[in-house]
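Residues per chain are reported as follows:
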Amino acid sequence: MAGPDHTTPQSGNVAPRNRLHYPSDCEITQGLRQRSLERAGGPERSYAWKNCLPQAAGIKLLLLDVDGVLTDSTIVYGPEGYEMKSFSTRDGLGIRLLREAGVETGLITARTSETVRRRAEDLQLRHVYQGRGAKLEVWQQVLAAEKLAPEQVAYVGDDWLDLPLLLRAGLAVAVADAVAEVRAAAHYVTRAAGGRGAVREVCELIIEARGMRDKLLADYAR
């Protein structure tokens, strides 16, 4: 005789006991969306993050330094002097998400590198300026060409060369391991270091400020 913890064969229209329910794709998506709403827009945010949301909401263009921002500032020379850098795939997806949210991106760097050119091409960056130590001139050209006011542009930097742009940007961001003077000039300092998710953090800040986070998350969870 079967014990109380065992099931016995069923017949007719009676559903078997202990049958597992596997959620549909729609149920999974709805569950993810509901959990997101219950958590009030996602992960717990710092005071600095929340304080920058009004500035970030009006951003239409994100400009980035490269060494120390898109990379960890390390440069490796390969055979015949070929320059190698490492980039974060999470930063890359952040830039893609930001573009889907309606914000363009670009870079301004004092160095020139084939590796950077290839990475910029992969990321489909709208503005790419290499070998430009006088970054302020590029800044002015870009804003004039795009018909943008300074308060509509965000800039992320890590060292002294970035100060002229940080002091003019509507949203000035320093990476966590930026030099002290740059951190002091920034509206927001990332928790992540350069090349280690700092750019992704900035992209998510702007996306959240534009009210696009839940929609993009739901789109990718399908």
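Residues numbered from 1 in each chain as written. Predicted model: local features only at pLDDT ≥ 70, side-chain atom pairs only at ≥ 80, totals over all residues. Heavy atoms only, no water.

(A) Molecular detail of the pairing of strand β7 (residues 171-174). The side-chain alternation of β7 yields two buried faces, one formed by L171 and V173 and the other by A172 and A174. By the bridge criterion, four bridges tie strand β6 (residues 153-157) to β7 in an arrangement that is parallel. Residue pairing for β7: G157 is matched across the bridge by A174. Summarising the sheet, β7 and strand β8 (residues 188-189) pair through two bridges and their orientation is parallel. Across the sheet, residue A174 finds its bridge partner in β8, namely V189. In this view, the connection linking β7 to its parallel neighbour β8 by way of helix α7 (residues 180-185) has right-handed handedness. (Buried < 20%, exposed > 50% of the residue type's maximum accessible area, 1.4 Å probe, protein only. Helix = DSSP H or I, 4+ residues; strand = E, 2+ residues; numbered from the N terminus. Pairing = 2+ DSSP bridges. Right-handed = clockwise from strand over helix to strand, strands pointing away.)

(B) Up close: the sheet that holds β8. The strand order across the open sheet formed by six strands is β5-β4-β1-β6-β7-β8, and the pairing between neighbours is parallel. Each of the sheet's edge strands pairs with one partner strand only, and the pair in question is β5 (127-129) and β8. In the sheet, strand β4 (residues 104-108) pairs with β5 via three bridges, with the strands oriented parallel. Among the inter-strand pairings, L107 is bridged to a residue of β5, identified as V128. Packed onto the sheet, helix α5 (residues 135-146) meets β1 (61-64), β4, β5 and β6 and runs at close to 160° relative to β5. (Contact = heavy atoms within 4.5 Å. Axes fitted to C-alpha atoms, helices over the stretch in contact; angles between N-to-C directions.)

(C) Seen up close, the confidence of the model for the protein chain. Summarising the model, the protein chain shows a mean pLDDT of 87, and 81% of its residues fall at 70 or more. Below a pLDDT of 50 lies the segment residues 1-12, which in the model reaches seven contacts outside its immediate sequence neighbourhood of four places, other chains included. (pLDDT = per-residue confidence, 0-100.)

(D) Representation of the pattern of salt bridges within the structure. In total, this model carries 17 salt bridges according to the counting rule given. For E204, the salt bridge is made with R45, and the minimal N-O distance between the two is 3.9 Å. Separated by 159 residues along the polypeptide, E204 in helix α8 (residues 198-209) and R45 in the loop between α1 (25-38) and α2 (47-57) bring together distant segments of the chain. Using a relative accessible area of 26% as the deciding quantity, one classes E204 as partly exposed. The class for R45 is buried, based on a relative accessible area of 15%. The closest approach of N and O atoms between E204 and R200, which form a salt bridge, is 2.9 Å. Here R200 and E204 lie together in helix α8, a separation of four residues that amounts to about one turn. Beyond isolated ion pairs, a larger network of salt bridges with shared partners links R45, R200, E204 and E208. (Salt bridge = Lys/Arg side-chain N within 4 Å of Asp/Glu carboxyl O.)

(E) Inspection of unusual backbone geometry at higher detail. The phi dihedral of Q124 falls on the positive side, at around 55°, and the residue is not glycine. Topologically, Q124 is positioned in the loop between α4 (114-123) and β5. Phi is positive for K147, which is not a glycine, with a value near 55°. By the element assignment, K147 lies in the loop between α5 and β6. Judged by its relative accessible area of 73%, K147 falls in the exposed class.

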